[in-house]
Amino acid sequence: MIKVLDARFVVTAVDPKGYPAESRPEIAFVGRSNVGKSSMINALTGRRKLVRVSGTPGRTRALNFFDVELERNGVRHAVRMADLPGYGFAKVSKSERAGWKTMIETYLGKRRELSAVVSIVDAEVGPTRDDEAMLGWLAQRSPKVLLAATKIDRLPKARRKPRLQQLARALELTSAAVVPFSATEHIGIDEVWDALLDVVGPRS
Ligand code: GDP
């Protein structure tokens, strides 16, 4: 049983100078623009508008940090979420795209408190080339990676399990590292938290 006690916005940053002082384990959320990342963070925290769900892809051009206090089976946890800019949005200039890449890789490569990365792919669309590049980059580094296959509600029930197995195979992950998710139908919320809290461990 997961219970979110508090979730609040901390700060927006574009480079390490703007990051909050490290004080608790951090969980980064990455995914292509419009994949459903904001909706996922809102669903995980049980806050409808913690992160703005945008109709305009590519609008989040910075890192946003959120502090979350929660309880699992009576044990308290304090974590920080880092919402990284969505990648792979086609309608931006090359230099802007390079800027995002630097922003994402600087955070993921240097943050000491980074404990886990939730890599989000669209269950219906499957991994894009950008998703594969992101996962390949992460595989060469230390953080634990959890793959969330979101918008799973868009697949008929009979196609869900085969799709998850297919995703795991394509991305060379164990099936255990792939969690089906839907923000609209509230699927996978406890499963994602369980996997993340197993990694970060109790601390409050
Ligand atoms: P972001 O750009 O990655 O933060 O994506 P958003 O959270 O803003 O979502 C992009 C679009 O996908 C919005 O129209 C959402 O309503 C929709 N969406 C997000 N999550 C889900 C989901 O789990 N299921 C379905 N069917 N649609 C979703």
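This text follows the structure it describes.
Residues numbered from 1 in each chain as written. Predicted model: local features only at pLDDT ≥ 70, side-chain atom pairs only at ≥ 80, totals over all residues. Heavy atoms only, no water.

Trainee: Describe the pairing of strand S3 (residues 63-72), with residues and values.
Mentor: Within S3, nine of the 10 residues are buried, which leaves the element mostly enclosed by the surrounding structure. Inspection of the sheet shows strand S1 (residues 2-13) paired to S3 by 10 bridges, in the antiparallel sense. For Arg 8, the partnering residue across the bridge sits in S3 and is Asp 67. The pairing of S3 with strand S4 (residues 75-83) spans nine bridges and is classified as antiparallel. Following the sheet pairing, Arg 72 is matched in S4 by Val 75. Between S3 and S4, which pair antiparallel and follow one another directly, the connecting turn spans two residues, one of which, Asn 73, has a positive phi of 45°. (Buried < 20%, exposed > 50% of the residue type's maximum accessible area, 1.4 Å probe, protein only. Helix = DSSP H or I, 4+ residues; strand = E, 2+ residues; numbered from the N terminus. Pairing = 2+ DSSP bridges.)

Trainee: Give me the side chain of Arg 163: which residues, what numbers.
Mentor: Note that Arg 163 resides in helix H4 (residues 157-170). Polar side-chain contacts of Arg 163 include one of 3.1 Å to the side chain of Gln 166. What Arg 163 contacts, discounting residues up to four positions off in sequence, is Ala 123, Glu 124, Val 125, Gly 126 and Leu 155. (Polar contact = N/O pair within 3.5 Å; in protein donor to acceptor, adjacent residues only side chain to side chain. Contact = heavy atoms within 4.5 Å.)

Trainee: Lay out the pattern of salt bridges in plain terms, naming residues and giving numbers.
Mentor: Proximity of charged atoms lets side chains of opposite charge pair with each other. Tallied over the entire structure, the rule returns 16 salt bridges. Measuring nitrogen to oxygen at the nearest pair gives 3.9 Å for the salt bridge that ties Lys 17 to Asp 15. Overall, the relative accessible area of 77% leaves Lys 17 in the exposed class. You can call Asp 15 partly exposed: its relative accessible area is 29%. Here the residues in one salt-bridge network are Asp 6, Arg 8, Glu 22, Arg 24, Glu 26, Asp 67, Glu 69, Arg 80, Arg 111 and Arg 112, joined through shared partners. (Salt bridge = Lys/Arg side-chain N within 4 Å of Asp/Glu carboxyl O.)

Trainee: Any details on the environment of Lys 49? Residues and values, ideally.
Mentor: Note on placement: Lys 49 falls in the loop between helix H1 (37-45) and S3. Judged by its relative accessible area of 73%, Lys 49 falls in the exposed class. Along the backbone, Lys 49 and Lys 101 are 52 residues apart, and their C-alpha atoms lie at a distance of 26 Å.

Trainee: Would you mind going over the side chain of Lys 151 in detail, with residue names and values included?
Mentor: When you line up the elements, Lys 151 lands in the loop between strand S6 (144-150) and H4. If we skip the residues at most four places from it in the chain, Lys 151 touches Asn 34, Val 35, Gly 36, Asp 122, Ala 123, Phe 181 and Ser 182.

Trainee: If you had to explain unusual backbone geometry to someone new, which residues and values would you point to?
Mentor: What is expected of a backbone is that most residues other than glycine have negative phi and most peptide bonds are trans. Even without glycine at this site, Asn 34 takes up a positive phi of about 75°. Along the chain, the position of Asn 34 falls in the loop between strand S2 (26-31) and H1. Positive phi values are uncommon outside glycine, yet Asn 73 reaches one of about 45°.

Trainee: Pulling in residues and values, what's your account of the nonpolar core?
Mentor: Leu 44 and Trp 193 are the most contacted members of the largest nonpolar core, which has 30 residues in total. Listing elements by their share of this core, those giving two or more residues are S1, S2, H1, S3, S4, strand S5 (114-122), S6 and helix H5 (189-200). Among the elements that line this core, the one with the most residues is H5, at six residues. Membership of the second largest hydrophobic core comes to 21 residues, among which are Met 103, Leu 108, Val 117 and Leu 138. (Core = buried A, V, L, I, M, F, W, Y, C linked by side-chain atoms within 4.5 Å.)

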